[in-house]
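# Summary of the model geometry
Here is how the chains run, residue by residue.
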There are 2 protein chains.
Amino acid sequence: MTYFDNGATTFYKPPEVIGAVTTALTRLSANAGRAGHALSMRCGTLVVRARERAAEFFGCPNPDRVVFCYNCTDALNIAIQGYLTNKGGHIVTTALEHNSVLRPLHELERRRIISLTVLQPDHTGRITATAVASALKATTTLVAVTHISNVTGAINPVSQIGEVTSRYNIPLLVDAAQSAGYIPIDMRENNIDFLAIAPHKGVHAPQGVGVLLIGNRHNITATRYGGTGSSSRSLYQPADYPESLESGTLPLPAVAGFLAGLNYTAKHQASHSAHLANLGHRLDNHLSQLKNIIRYNPPNSLGSIFTLNIGNYYSGEVSDILSEQYNICVRGGLHCAPLAHTYLGTLERGAVRISLGVDNTADDVDYLANALKEISG
Amino acid sequence: MTYFDNGATTFYKPPEVIGAVTTALTRLSANAGRAGHALSMRCGTLVVRARERAAEFFGCPNPDRVVFCYNCTDALNIAIQGYLTNKGGHIVTTALEHNSVLRPLHELERRRIISLTVLQPDHTGRITATAVASALKATTTLVAVTHISNVTGAINPVSQIGEVTSRYNIPLLVDAAQSAGYIPIDMRENNIDFLAIAPHKGVHAPQGVGVLLIGNRHNITATRYGGTGSSSRSLYQPADYPESLESGTLPLPAVAGFLAGLNYTAKHQASHSAHLANLGHRLDNHLSQLKNIIRYNPPNSLGSIFTLNIGNYYSGEVSDILSEQYNICVRGGLHCAPLAHTYLGTLERGAVRISLGVDNTADDVDYLANALKEISG
């Protein structure tokens, strides 16, 4: 099998990650920070180390504001619903967002809690800081922008956007699902207030944990209520971080895998970047020689996400042929990002997304290119 | 280390569970049901098998209504908030509930969305069906009852309560965090409409997945919005189960572990029950010979949860001594169940909870009893 759906989940999980998960399962099956006994404390220490490492890696000013949750969608919901439900206001977002941002925002709009402006990409496929600045109103309470489009790989200038939002003291939420682990992110330097991470992608962690990192300037109110191991007498959710946003038993094996994945990713970031760039150039060269191919990646995109269609095929037909005849995994359809496909003009047929991973080889790329050549005639 | 905090998380994870998690990490790192390629389909098949096995194990009428989520607290929040936020009404619950039920209900009460009746246990420490029947009003929209108290081990008569609630067509939510895997539960037979499970306890699954099972009579509206791999064009959450309630990437390793844990638990349920009963009797005999011990378990309780205090010690002092001097893990404090401790008169000092696990031995129990004897003088 040749796997090119790393934009959904990276197939490769390094031995360090698998080892950390196995150790957690065999030696650390207790509740972190819920009891005073030695094993609970050892679990608690591991979770604190993971918070500290994540804060360091992503430039979050306070490890207590690194919140573990279900997945990146959960992180985005906690940020969007937790920040906006009691506050309302006008929100600026973009057509490049995933449904994990679009759907919670549209739900709040439907309930008349917020009003919404959805920015379109410019001719380079990106959301500019100028466009964000122009969309701001006196009532704007949040700007929500994806760092990298999961459809086109376009990289939005979050640093420039952060300069605009911080000037007006409007919190900036960045969906880093596609960027974390691949390109540097620093919440402090880039004026990011809420950062949502999908560790099972670029950090090579297991599925089963999301992370929301919260800056010091804005607070988020809990939307999930339950046991926090703190203020247990109270029938109401406490306000302290991280407990307020972390009800119930933490996914310790996945958190342990996340910590191992962060260390692995930090250690190999330069070589991974070079490897993915090489593979990307190789695939780009192959694709540029094929006929009947329509490509959708802007020039400034990530370089390891390739999105295309072939002739008059529906995208799902191409991905089915690749799977059935070549045992190659890519992703057709809309990638849960309908407005990005509206922008591209591909809402009907979708597009074929090829997302490279660090374990892909030049041979994998050549094999894929040959398959695409045979399909495209 | 001798671990007696299995009511929080069972320490023992069988090789089948660890193997299933490792296999998922090494061979199944793709997104279940999100793409048409072979690996996504294989992941999807595993998730469907886990739904089917859970539906069979807990008597849920429809596997599509077996919903995977973050943890049991998340399952309870999805049920409570998803069922009540748009509906409101009068809710009947109990003083034996964990904060994972009490806090979401009190939050909805504070927002004036619902009104709340909290039933006290009778002299046997249980919530009777008669008490539930007496508390119902014409406006009652939900009854939420824990199956087994996490503080006392008291077993509530959910079957009798289900007869009452089904007679009035009021949905019954059962928190099975402490019971699932230990005593039989059948949603159909017991007229349970919403069942919340903590697989990392009695099912011996990894931390990192909760399960909400939904009967056919009542529906739950989504409270988390995002990519569902279905109806991707829509900017609003679809209504189909399970997608509607499962936004974002599923925790495949934990789901694989849950399936393995269910099979393991089903296979060993009789021998586990006998073993835990033996250990329970042994500990009970030891405790009955100790002086200065106050015990809080009603006679009809689970038999593997022992809750006590010693002399004038705060519960946290006893658990600290056990941890530091004997390397024994138990849980002091309030166990996130403040109203249960109010009922017991232990809100100030808390209580020491000893919760046995299937890997505990007679020697473990004797060692613990000896430590308690030395502490109690």
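Residues numbered from 1 in each chain as written. Chains lettered and ligands numbered in written order. Predicted model: local features only at pLDDT ≥ 70, side-chain atom pairs only at ≥ 80, totals over all residues. Heavy atoms only, no water.

### A few points about the sheet that holds strand S2 (residues 66–69) of chain A
Residues and elements named next belong to chain A. Pairing is mixed in the open sheet, where 7 strands are placed in the order S2-S8-S7-S6-S5-S3-S4. Two strands lie at the open edges of the sheet, namely S2 and strand S4 (114–119), each paired on one side alone. Between one strand axis and the next, the sheet turns through 20° on average, direction left out of account. By the bridge criterion, 3 bridges tie strand S3 (residues 89–94) to strand S5 (residues 140–146) in an arrangement that is parallel. Bridged to valine 92 within S5 is valine 143. The sheet strands contacting helix H2 (residues 38–58) are S2, strand S7 (194–197) and strand S8 (210–214), and the helix crosses S2 at an angle near 115°. Lying over the sheet, helix H3 (residues 72–84) contacts S2, S3, S4, S5, strand S6 (172–175), S7 and S8, oriented at roughly 155° with respect to S7. (Pairing = 2+ DSSP bridges. Helix = DSSP H or I, 4+ residues; strand = E, 2+ residues; numbered from the N terminus. Axes fitted to C-alpha atoms, helices over the stretch in contact; angles between N-to-C directions. Contact = heavy atoms within 4.5 Å.)

### Quick notes on the confidence of the model for chain A
Predicted confidence across chain A gives a mean pLDDT of 97, with 100% of residues reaching 70 or more. Prediction confidence for the complex, expressed as pTM and ipTM, is 0.98 and 0.97 respectively. (pLDDT = per-residue confidence, 0-100.)

### Focus: the interface of chain B and chain A
Many analyses report the size of an interface as the accessible area lost when the parts associate. Opposite the 81 residues of chain B that make contact, chain A presents 80 residues. A buried area of about 6,700 Å², summed over both sides, lies between chain B and chain A, and 58% of it is on carbon and sulfur atoms. Of all residues in chain B, the largest losses of buried area upon contact with chain A belong to Tyr70(B), Arg103(B) and Tyr225(B), amounting jointly to 14% of the total for that side. If you look at where chain B meets chain A, you find 4 salt bridges. Remark: the boundary between chain B and chain A carries 46 residue pairs in polar contact (both at pLDDT 80 or more). Only helix H1 (15–27), helix H2 (38–58), strand S2 (66–69), helix H3 (72–84), helix H4 (99–110), helix H7 (252–288), strand S11 (328–329) and helix H9 (338–344) of chain B provide two or more residues apiece to the side of chain B that touches chain A. The dominant element in the side of chain B that touches chain A, judged by the number of residues it contributes, is H4(B), at 9 residues. (Buried area = accessible area lost by both parts, 1.4 Å probe. Salt bridge = Lys/Arg side-chain N within 4 Å of Asp/Glu carboxyl O. Polar contact = N/O pair within 3.5 Å; in protein donor to acceptor, adjacent residues only side chain to side chain.)

### Comments concerning the sheet that holds strand S12 (residues 352–355) of chain A
Residues and elements named next belong to chain A. Reading across from one edge, S9-S10-S12 is the order of the 3 strands in this open sheet, with antiparallel pairing throughout. Only two strands of the sheet have a single neighbouring strand rather than two, namely strand S9 (293–295) and S12. On average, adjacent strands in this sheet sit at an angle of 35° to one another, irrespective of strand direction. Against the sheet, helix H7 (residues 252–288) engages S9, strand S10 (305–310) and S12, with an angle of about 15° to S10.

### Description of the packing of aromatic side chains
All names here are of chain B. Counted by the stated rule, this structure contains 13 aromatic pairs over all chains. Ring geometry for tyrosine 3 and phenylalanine 11: centres 5.4 Å apart, planes at 45°, overall tilted. Accessibility expressed as a relative area gives 18% for phenylalanine 11, which makes it buried. (Phe/Tyr/Trp six-rings, centres within 6.5 Å; stacked < 30°, edge-to-face > 60°. Buried < 20%, exposed > 50% of the residue type's maximum accessible area, 1.4 Å probe, protein only.)

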